[in-house]
Amino acid sequence: MPMVLALTVCGIVVALVVLGLFVFGLRRRLIQRSGGTFDCSLRWDVPEKTDTSGKGWSYGVARYNGDRIEWYRVFSYAYRPRRVLERSAIEVAGRRLPDGEEELALLSDAVILTCLHRGTRLELAMSEDALTGFLAWLEAAPPGQRVNVA
């Protein structure tokens, strides 16, 4: 009897793990369904002095949605974006390559873009191709909107 109970508990645990992984994959497919997505790590509310410790970075997926970027954490079940950045409120302050322990915390080809959004300093880490698309999206603001790209 104890053996049957142990096998049942193990089976339930394995089924829950498989279900959890399936839901992660399904959520990402639903986010990417409308297109315009790219892998993007984010560090929110960073100090002005560059911190290369690798702390504070969250891996995510960003999606273009009109005049907004919607950022979703990868390791979350939430279907709503964790952060929303409006194009008119983004000011690019600089760009750099990962340094120190950041190289371990970010994807291997990442470029870090330092931005201000409504007074909050943040950093976005993405591939060079994604960065080119992001900067083009920023500069393609409708007439009359001022966009600051350094």
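Just above sits the structure.
Residues numbered from 1 in each chain as written. Predicted model: local features only at pLDDT ≥ 70, side-chain atom pairs only at ≥ 80, totals over all residues. Heavy atoms only, no water.

K.L.:
Talk me through helix H3 (residues 128–139); I want residue IDs and the actual numbers.
P.N.:
Since the α-helix packs 3.6 residues into each turn, any two residues three or four apart lie on the same face. Taking 1.5 Å per residue as the helical rise, H3 with its 12 residues ought to reach 16 Å, and the 17 Å between its terminal C-alpha atoms agrees with that figure. Buried within H3 are the following residues: Ala130, Leu131, Phe134, Leu135, Trp137 and Leu138. What you see down the axis of H3 is that its buried residues fit within an arc of 155°, all on one side. With respect to the buried face of H3, the exposed residues turned more than 90 degrees away are Asp129 and Glu139. Contacts from the buried residues of H3 go to strand S1 (37–39), strand S3 (60–65), strand S4 (68–73), strand S6 (90–96), strand S7 (110–117) and strand S8 (120–127). (Helix = DSSP H or I, 4+ residues; strand = E, 2+ residues; numbered from the N terminus. Expected span 1.5 Å × (residues − 1). Buried < 20%, exposed > 50% of the residue type's maximum accessible area, 1.4 Å probe, protein only. Arc of directions from axis to C-beta. Contact = heavy atoms within 4.5 Å.)

K.L.:
Go over the sheet that holds S8, please, and point to the residues and values.
P.N.:
Spatially, 4 strands are ordered S2-S8-S7-S6 in an open sheet, and the strand pairing comes out antiparallel. The open sheet has two edge strands with one neighbour each: strand S2 (41–44) and S6. For this sheet, the mean inter-axis angle between neighbouring strands, taken without regard to orientation, is 25°. In this structure, S7 lies alongside S8, joined through 8 bridges in antiparallel fashion. Bridge pairing links Leu113 to Leu124 in S8. (Pairing = 2+ DSSP bridges. Axes fitted to C-alpha atoms, helices over the stretch in contact; angles between N-to-C directions.)

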